[in-house]
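# Tertiary structure, described
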Amino acid sequence: MGVNLSGRHFLKLFDFTSEQINYLLDLAADFKHLKRSGVPHRHLEGKNIVLLFEKTSTRTRCAFEVAGMDLGMGVTYLDPGSSQMGKKESIEDTARVLGRMYDGIEYRGFAQEIVEDLAANAGVPVWNGLTTEFHPTQALADVLTMREEFGSDLKGRKVVFMGQVGNTADSLAVICAKLGINFVQCGPQCDVEGNRTYQPWIWEKCQEAAALSGAHISVTEDIDEAVEGADVIYTDVWVGMGQADELWNSRIKLLAPFRVTAEVMAKAKPGAIFMHCLPSFHDTNTTIGAEIAEKFGVTEMEVTDEVFESKQSRVFQEAENRMHTIKAVMYATLK
């Protein structure tokens, strides 16, 4: 029996089986081939979607807009100042209004409970573009990139996330656990105040999924142990969007040992690739990068410019793949 995701929400990867995730990845690869070949695929012409952004973004907005338009849909973008959701109108009422006007709703913002609340009330598919807890479309793009590098059977491959746990790392751990990919979180298990940096319930569910798929999911602060035999070295910014600027000082001290350098990449498996969800502070060519360099004397943060610009880097391929996997999610849930 074929996979049917019509009418489903896409909120977190825990909600999907390995078969369903691989179906979305196959579909994304097909859409990428069509896009690259210049073949129109306006399969959802006549439908309309709305993008609700409480956090601004470059890649997420562009990926959803282009994916929607490629599929023939009308796309409305609402930035943080254009929606009354949560201010003059409740999330529930917003969902019920938009669900009567649109065929699908994307949300990018804060707590996971917000996107879950939208889904519970909209009556149409709702897609998670990013929440504090999860970043599922990014994880799909990550694995599509790995497939293009290593083939569609990724069981037994090793992915190492360097740095502190967050929505990107958590979603990567989930998809690896679901698909039989070994995953290592290499970074501090506690912040400078001694608080745990990961959510135990997510880790427990990852271990449950890994037991079914054969994946090995682990945490370590030992860089040599983590990267030995790694196929993918992955990292993310040390302070995310919406987090306090005051965190930079403590995060730099905490995470500098886990910067991805050429030396770290050399300890991985020959042919290993570097990945990053972007944006990246690998130089001082941004306002924040320049400010950090001036305040703390740090010119490269989570990854060195040498690695970011190296032949091992797949960051822009990964960014493009975000559009193709989003297109697969929208098509599969709206067709």
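Relevant structure appears above.
None of the values given here were measured: they were computed from a predicted structure. (Residues numbered from 1 in each chain as written. Predicted model: local features only at pLDDT ≥ 70, side-chain atom pairs only at ≥ 80, totals over all residues. Heavy atoms only, no water.)

### A short note on the overall build of the protein
Of the regular secondary structure elements, the protein holds 13 helices and 9 strands. Against the 2.2 N^0.38 benchmark of 20 Å for 335 residues, the protein shows a C-alpha radius of gyration of 20 Å, consistent with a compact globule. Taken over the C-alpha atoms alone, the protein extends approximately 50 × 45 × 40 Å along its principal axes. Across the 335 residues that make up the protein, the buried fraction comes to 56%. Pairs at least 24 residues apart make up 74% of the contacts formed inside the protein by residues separated by at least 6 positions. Carbon and sulfur atoms make up 49% of the accessible area of the protein, which totals about 14,300 Å². Of note, the protein has its 33 positive side-chain charges centred 5 Å away from the centre of its 47 negative side-chain charges. (Helix = DSSP H or I, 4+ residues; strand = E, 2+ residues; numbered from the N terminus. Rg over C-alpha atoms; globule rule 2.2 N^0.38 Å. Buried < 20%, exposed > 50% of the residue type's maximum accessible area, 1.4 Å probe, protein only. Contact = heavy atoms within 4.5 Å. Areas by Shrake-Rupley, 256 points an atom, 1.4 Å probe, with all protein chains shown as cover. Lys, Arg positive; Asp, Glu negative; His and termini not counted. Charge placed at Lys NZ, Arg CZ, Asp CG, Glu CD.)

### Considerations on the pattern of salt bridges
According to the stated counting rule, one finds 14 salt bridges in the structure shown. Across the pair E148 and K32 runs a salt bridge whose closest N-O atoms are separated by 2.8 Å. Of the two residues, E148 is situated in helix α5 (residues 136–150) and K32 in helix α1 (residues 18–37); the sequence distance between them amounts to 116 residues. On the accessibility criterion, E148 (36% relative accessible area) is partly exposed. For K32, a relative accessible area of 9% translates into the label buried. In this structure, K35 and D70 form a salt bridge, with 2.8 Å as the shortest nitrogen-oxygen distance. Of this pair, K35 sits in helix α1 while D70 sits in helix α2 (residues 59–70), and the two are 35 residues apart along the sequence. Exposure remark for D70: the relative accessible area of 18% places this residue in the buried category. A single network of salt bridges, built from pairs that share partners, joins K12, D15 and E116. (Salt bridge = Lys/Arg side-chain N within 4 Å of Asp/Glu carboxyl O.)

### A look at the sheet that holds strand β8 (residues 232–235)
Taking strand neighbours across the sheet as the criterion, the 5 strands line up as β7-β6-β5-β8-β9 in an open arrangement whose pairing is parallel. Bordering the open sheet on either side are β7 (217–220) and β9 (273–276), each of which pairs with just one other strand. With direction set aside, neighbouring strand axes in the sheet form an average angle of 20 degrees. Direction of pairing for strand β6 (residues 182–186) relative to β7: parallel, over a ladder of 4 bridges. Note on β7: the bridge partner recorded for Q185 is V219. Its contacts with the sheet put α5 on β5 (158–162), β8 and β9, and the angle it makes with β9 is roughly 165 degrees. With respect to the sheet, helix α13 (residues 315–334) is in contact with β8 and β9, its orientation differing from that of β9 by roughly 50 degrees. (Pairing = 2+ DSSP bridges. Axes fitted to C-alpha atoms, helices over the stretch in contact; angles between N-to-C directions.)

### Let's talk about the nonpolar core
Counting 63 residues, the largest nonpolar core has L140, L172, I175, F183 and M330 as the members making the most contacts within it. Excluding its chain neighbours within four sequence positions, the residues that come into contact with L140 are F10, L13, I21, L24, L25, I175, T325 and V329. Membership of the second largest hydrophobic core comes to 21 residues, among which are V160, V260, V264 and V303. (Core = buried A, V, L, I, M, F, W, Y, C linked by side-chain atoms within 4.5 Å.)

### Regarding the environment of R196
Here R196 lies in the loop between β6 and α7 (200–213). As for R196 and V165, which are separated by 31 residues in sequence, their C-alpha atoms are 9.7 Å apart. With near-sequence residues (within four places) excluded, R196 lies in contact with Q189 and C190.

### Here's the deal with the side chain of R322
Here R322 shows up in helix α13. Despite its burial, R322 remains without a salt bridge, the nearest opposite charge being carried by E106 at 6.3 Å. For R322, the side chain forms a polar contact with the main-chain oxygen of G129, separated by 3.5 Å. Excluding anything up to four places from it in sequence, R322 contacts R59, T60, A63, G129, H135, T137, Q138 and A141. (Polar contact = N/O pair within 3.5 Å; in protein donor to acceptor, adjacent residues only side chain to side chain.)

Treat this as a map of the structure, not an account of what it does.
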